[in-house]
Amino acid sequence: MVTLRRPLELLTYASCILGVAPLYLYLQPLAQIAAPAALALGIACDRRDRYPLGRHAATLLSLLLFAWYATRIDRTVLVEPVVNILVLLLAIRLVTAKTGRNYLQIFLLAIFALAGSSLLSLNLLFLPALVLLVFCVTIGLVLLCFFGSDSTIALRWKELRSVLGTALLLPAGSLLLMLFFFAILPRTEHPLWNFLNPAAAASSGFSQTVSPGAFASNAANPELVFRVESAELPPEELYWRGTVLNHLRENTWVREEPPPGEQERLRGGRPIEQTIYLEPQNDRFLFALDLPQDLTGIRSRVSSDRVSKLATATRKRVSYQATSLLGARLEPVGKVDTDFYLQLPPGISERLRATAASLAAGSSSAAEKVARTEDFFRGQQLSYATDDLPGTTAPIDEFLFSKKRGYCEFFASSFAILLRLEGVPTRLVGGFFGGTRSEFGNYYTLTGTAAHVWVEALVDGRWQRLDPSRLAQNGATILAAAGNRPQAWSHSLLDVAEYYWTRAVITYDLGSQLHLARDAGRKLRTLRPGRLAAPDFLLPGAILLFLTGTIWLGRRWRIPVERRLAQRFLRLAARRYHLKEIPATAGLESVARRLKDPRCTEFVAILSRAIYRDRRLTPVERQRLRVLLKELRRRED
Amino acid sequence: MPPAKHAEVQKVIDALEHRVLHGKERALRLSLIALLAGGHLLLEDIPGLGKTTLALALSAALGLSFGRIQCTSDLLPSDITGLSIYDRDAGKFRFIEGPIFNNILLADEINRAMPKTQSAMLEAMEERRVTVEGTTYPLPEPFLVIATQNPVEQVGTYPLPESQLDRFLIATGIGYPGADLEKAIIRRGGIREELRDIAPLLSRDDLLEARRTVREQIQLGELLIDYIYRLVEATRNHPYILSGLSTRGAINLAAAAQAAAYLERRDYVIPEDVQLVAVPVGAHRLILRPQHEALPKQEVLQSIVASVPVPRG
């Protein structure tokens, strides 16, 4: 016998943990301490049935806390005080005596706490917490119905199992409905959490300006910046274009709008489709494989130099599709404002100017100047490094001639300055290089560590991509490492789960709904028997399979293994005798007697010895029965 | 490993089947089931099919004391129980035991005895003791009543009351033997003479031990208890039946099923055991509604057995 209070208590503890856990890191220290302490104290109190806090004291304390936090709420700080109040109220409720109503309050507070966490962050933990909480609360409510009528009620294990089995159907059904409604319910482009929570944007390693020497060392940010769903590509092709920095101001490369009237077009190249899931960013740049031709699925503005920016700033995760032309030629249409791309600030060192002059001497071809500059870089024995970098006063000069170590910004910047000094129009391109290919999904992961800068020079009437970092003596190894960083197995799995979470939940918005509806409509219109591809059936098939599987497993779970084995045996016997069905009034022994097969006799003897003597089959017996069934089936064949 | 004394009991069955009771195997097994379950047996069939032979053969093979009463309408209760007579030498009344003070009492054509005499046996069958003139005498252990009765209404018969029928654990017919068998019987004549040659095959202690085994070691699982209950409940809710099986009937059904399992060398009961004994144990206890009285009770009960699903785990 189990008193109903016990499972109810366990469910409330579980609900509290599930409600508060996703929120925990965002709580204030008071709530961070109070929540686990109250849970531990509450468990101890429930065991002893003695509580430190009386009903009136608890109410008074709750009111005081409420008043204290209520004064801290304003238009800009709304969520934090609310979730703190919720957690503290929950803590108070845990350490007071519990009636049916109090259990209900705990469940409600746990649900609100979890809902509150979604206003602060919507990470992967939210879904399992939500699913488990739905299960706990629903089962808890069913038990509360019994508890409400008699708080001392006790059930036998069998009865409890039956109640729990029935109670499980409710959350299972509601979760399936949730899945359905998630796909079709109308939604806004601006989710609530986004509006209330403007500070969650991440900063990537990517920056809008490039100023080599600004820091003595460059610690890359390992945070995720975006994921790209695309076909697998050779590592050396993985240049993700973000911005173009075309103006050198003192020692800093910045972006200015390209000269008015300038136009560039793409020629040739191999089209590559990508779907990009971009994490929240501080800026509005959109990334795509170099060179991007077209961006769809998002409102964006494209400049003539193939830089795309979000039309409106947003702090949420976005997804969009891009088509890039791999190996295409980026050609200016009409005359290029070369002066714009040759601008240099004053204060360039004489040594640099002299070097440029010597590299340019006797040559009028841009291609030759580029080749000579590359040779010069190689000759300088430069190393790719992220620490012990040149100082801030004359970083480029120091990089090329004395320190001879730096990271991509040094390489790109110095290369571009040299080319500009030689009279070759040049600009920097900022973005990412490489990416980690997932072992389990068809996508690349790009983190801040992959941020990269390279050069585009106008050579033979086209903007040619040059990556001076490759000219470092250790460039090949450094860049190859950026191409594909091996991941731990568990990390890969977590990453793939997060990827699908982002793909299926976070970036699923009105646009995706419309896209889905349009796609379905189009498919229905063009539906021809026998012309459906396998992927068309994949999702509905998987859902159907999942539903059938759940129901089947649920029913199987309720049937004891002994009865299942008996049913299998009788089905086999019926087939053998070409009977539709063996009547329910026929005993196993009489069926075996009719079959006149020693294996059947043995099967029935083993099974009967267990079921009619009120005991379960031992593992050895179960195994033997399965073997016998298999043999019987084989003989039947 | 067979249950205790199973070999000895089996020897009785084999010997009787082969020697004297051709074609009466079912009746013989049911008789032994009644004996092992500690109940009484009612053999019900038209005269001349071997009811008395069966009873005599059984008692001869069991090596138990045997008493026989040929019931007639002028049979008095004291003819069964015994009576006190005045012993002049001792100068006091002395109790002379009647035939009921035997291990096996064969009450032949019991329905010919008048109700008063029939009811004299009630206490004996249920309580295993007899009270005469204010003194209670215990009956020997084991005590088994084998009664025979003719179903066809004849002049001078008194049908057994329901209360007494309920005290018989098993009621069964004998049935006509098969054609070949009957011809063989015709050819060689009756076998009453051979009965005298049957030597006891089972001692009283053997029988008591076998009975104890049936009672204590043949397991009746929860599933079977539930099955028996569902059967009994079905007789109570059947539209043709006025009064279904009593709790005593259900207890008897369980005991008989245990004995049936014992005869099959099993130490647990299976649904087939219950099905085997359901009609012999239950049919005679049913009271049909007046409008369905003409229906054979056995068939009504058989239809119920054929409608209740057996437990299969």
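Structure: above.
Treat the numbers as computed from the prediction; the structure is a model and nothing was measured.

*Asks:* Explain the overall build of chain A residue by residue, including any values.
*Replies:* Helix and strand counts for chain A stand at 21 helices and 22 strands. The buried share of chain A, taken over its 637 residues, is 46%. Counting contacts in chain A only where the partners sit at least 6 residues apart, residues at least 24 apart contribute 75% of the total.

*Asks:* Give a description of the interface of chain B and chain A that names residues and reports values.
*Replies:* The partner chain A presents 21 residues to the 21 residues of chain B that form the contact. Joining chain B to chain A, the criterion identifies one salt bridge. Where B:Asp267 meets A:Arg613, a salt bridge forms, and the shortest distance between an N and an O atom there is 3.2 Å. Counting across the interface, chain B meets chain A through eleven residue pairs in polar contact (both at pLDDT 80 or more). If you list the elements that add at least two residues to the side of chain B that touches chain A, you get α10 (222-236) and α12 (271-282) of chain B. Along the lines of polarity and charge, the residues of the side of chain B that touches chain A split into twelve nonpolar, five polar and four charged.

*Asks:* I'd love a proper account of the sheet that holds strand β8 (residues 270-278) of chain A, names of residues and values included.
*Replies:* Residue and element names in this part refer to chain A. Spatial ordering of the open sheet is given by β11-β14-β8-β3-β20-β19, a layout of six strands whose pairing is antiparallel. What marks the edges here is a single partner per strand, and that holds for β11 (292-296) and β19 (436-437). For β19 and strand β20 (residues 443-447), the ladder comprises two bridges, and the chain directions are antiparallel. Of the residues in β20, the one forming a bridge with Arg437 is Tyr444.

*Asks:* I'd like a rundown of the pairing of strand β14 (residues 318-326) of chain A, residues and numbers included.
*Replies:* All names here are of chain A. Counted residue by residue, β14 has eight buried out of nine residues, so it is predominantly covered. For β11 and β14, the ladder comprises four bridges, and the chain directions are antiparallel. Bridged to Thr296 within β14 is Gln321.

*Asks:* So what's going on with the environment of A:Ser303? Which residues, and what values?
*Replies:* Residue and element names in this part refer to chain A. Note that Ser303 resides in the loop between β12 (300-302) and β13 (308-310). When the C-alpha atoms of Ser303 and Glu262 are compared, they prove to be 9.5 Å apart, with 41 residues separating the residues in sequence. Residue contacts for Ser303: discarding those within four places in its chain leaves Arg255 and Glu257.

*Asks:* Got a sec to walk through the environment of A:Arg6? Specific residues and values, please.
*Replies:* Counting through the fold element by element, A:Arg6 comes out in helix α1 (residues 5-20). Sequence spacing of A:Arg6 and A:Asp46 is 40 residues, and the spatial spacing of their C-alpha atoms is 9.2 Å.

*Asks:* I'd like a rundown of the sheet that holds strand β9 (residues 285-286) of chain A, residues and numbers included.
*Replies:* All names here are of chain A. The antiparallel open sheet is built from three strands, whose spatial order is β9-β13-β12. Two strands close off the open sheet at either side, each with one partner strand: β9 and β12. As paired elements, β9 and β13 share two bridges and run antiparallel to each other. Note on β13: the bridge partner recorded for Phe285 is Lys309.

*Asks:* Any chance you could break down empty space enclosed by the protein for me, citing the residues and the numbers?
*Replies:* All names here are of chain A. For the structure shown, the criterion picks out three cavities of 30 Å³ or more. Taken as a whole, the largest cavity encloses approximately 60 Å³ of empty space. Taken together, Leu278, Glu279, Pro280, Gln281, Asp283, Arg284, Phe285, Leu286, Leu310, Thr314, Lys316 and Val318 make up the lining of the largest cavity. Classifying every residue of the lining of the largest cavity by side-chain character gives six nonpolar, two polar and four charged. Roughly 40 Å³ of internal volume is contained in the second largest cavity. Along its surface, the second largest cavity is lined by Phe569, Leu572, Ala573, Arg576, Leu595, Cys600 and Leu632. When its residues are assigned to classes, the lining of the second largest cavity shows six nonpolar, no polar and one charged.

*Asks:* Please provide a residue-by-residue account of the pairing of strand β1 (residues 40-44) of chain B, values included.
*Replies:* Residue and element names in this part refer to chain B. Of all five residues making up β1, four are buried, and the element is well covered by its neighbours. The pairing of β1 with strand β9 (residues 168-172) spans four bridges and is parallel. Within the sheet, the bridge partner assigned to Leu43 lies in β9 and is Thr172. Where β1 meets strand β8 (residues 144-149), four bridges bridge the pair, whose relative direction is parallel. When the sheet's bridge partners are listed, Leu43 is paired in β8 with Thr148.

*Asks:* Which residues make up the side chain of A:Thr275, and what values go with them?
*Replies:* Residues and elements named next belong to chain A. Tracing the sequence through the fold places Thr275 in strand β8. Assessed through its relative accessible area of 15%, Thr275 is described here as buried. Beyond its immediate sequence surroundings of up to four residues, Thr275 is in contact with Arg227, Val228, Glu229, Tyr320 and Gln321.

*Asks:* Any chance you could break down the packing of helix α5 (residues 100-120) of chain A against helix α6 (residues 126-149) of chain A for me, citing the residues and the numbers?
*Replies:* Each pair of packed helices can be described by the angle between their axes along with the distance between the axes. All names here are of chain A. For the pair α5 and α6, the least separation of the axes is 10 Å and the interaxial angle reads 165°. Our classification of the angle between α5 and α6 gives roughly antiparallel. Considering the relative orientation of α5 and α6, their crossing is left-handed. In this structure, α5 contributes Gly100, Tyr103, Leu104, Phe107, Ala110, Ile111, Leu114, Ser117 and Ser118 to the contact, and α6 contributes Phe126, Ala129, Leu130, Leu133, Cys136, Val137, Gly140, Leu141, Leu144 and Phe147. Its residues assigned to classes, the contact of α5 with α6 shows 15 nonpolar, four polar and no charged.

*Asks:* I'd like a rundown of helix α20 (residues 598-611) of chain A, residues and numbers included.
*Replies:* Residues and elements named next belong to chain A. Helix length check: α20 (14 residues) gives 20 Å between terminal C-alpha atoms against 20 Å at 1.5 Å per residue, within 8%. When α20 is considered as a whole, its buried residues turn out to be Cys600, Phe603, Val604, Ile606, Leu607, Ser608, Ala610 and Ile611. Among the residues of α20, the N-terminal cap falls to Asp597, whose side-chain oxygen and the backbone nitrogen of Arg599 are separated by 2.8 Å.

*Asks:* Describe unusual backbone geometry, with residues and values.
*Replies:* The linkage connecting A:Asp290 with the following residue, A:Leu291, adopts the cis geometry, with an omega of -5°. Relative to the elements of secondary structure, A:Leu291 occurs in the loop between β10 (288-289) and β11. Residue B:Pro142 follows B:Glu141 across a cis peptide bond; omega there is -5°. Inspection of the secondary structure puts B:Pro142 in the loop between β7 (135-138) and β8. At A:Asp49, a residue that is not glycine, the phi angle is positive and equals roughly 65°. Within the chain, A:Lys404 stands out as a residue other than glycine whose phi angle is a positive 60°. In this fold, A:Lys404 is placed in the loop between α12 (395-403) and β17 (405-406).

Thresholds applied
Note on numbering: residues in each chain are counted from 1, in written sequence order. Each chain is given a letter, starting from A, and each ligand a number, starting from 1, according to the order in which they appear as written. Per-residue local features are limited, in this predicted model, to residues with pLDDT of at least 70; the limit for side-chain atom pairs, both in listing and counting, is 80 or more; totals at the level of whole chains, interfaces and linings are taken over all residues. Side-chain figures throughout are based on the complete set of non-hydrogen atoms in the structure, without hydrogens or water. Every helix listed is a DSSP run of H or I at least four residues long, and every strand listed is a run of E at least two residues long, numbered separately from the N terminus. For every residue, the accessible area obtained with a 1.4 Å probe (protein chains only) is divided by the maximum for its type, and the residue is called buried under 20%, exposed over 50%, and partly exposed between those limits. Throughout, a residue-residue contact means that at least one pair of heavy atoms, one from each residue, lies within 4.5 Å. For this document, the term salt bridge refers to a Lys or Arg side-chain nitrogen within 4 Å of an Asp or Glu carboxyl oxygen. Here a polar contact means two N or O atoms within 3.5 Å. Within protein one must be a hydrogen donor candidate and the other an acceptor candidate, and residues neighboring in sequence count only if both atoms are side-chain atoms. Here the nonpolar group is Ala, Val, Leu, Ile, Met, Phe, Trp, Tyr, Cys and Pro; Asp, Glu, Lys and Arg are the charged ones; every other residue, Gly included, is treated as polar. Whether two strands pair depends on DSSP finding at least two bridges between them. Note on definitions: the grid is 1 Å and covers protein atoms alone; a cavity is a set of points where a 1.4 Å probe fits but cannot get out; a pocket is an open set with protein on both sides within 12 Å along at least five of seven lines; lining residues have an atom within 4 Å of a point. Grid points are joined across faces, edges and corners, and a volume is the space filled by probe spheres set on the points. Structural elements are reduced to axes, namely lines fitted to C-alpha atoms, with helices fitted over the stretch in contact, and the angle between N-to-C directions of any two is expressed from 0 to 180 degrees. Comment on the angle field: the value is read as roughly parallel under 35 degrees, roughly antiparallel over 145, roughly perpendicular from 65 to 115, and oblique elsewhere. With the far helix as reference, a near helix turned anticlockwise by less than a right angle produces a left-handed crossing, and one turned clockwise produces a right-handed crossing. Here the expected length of a helix is defined as 1.5 Å per residue gap, with one fewer gap than residues.

It is worth stressing that arrangement in space is one thing and function is another; only the former is reported here.
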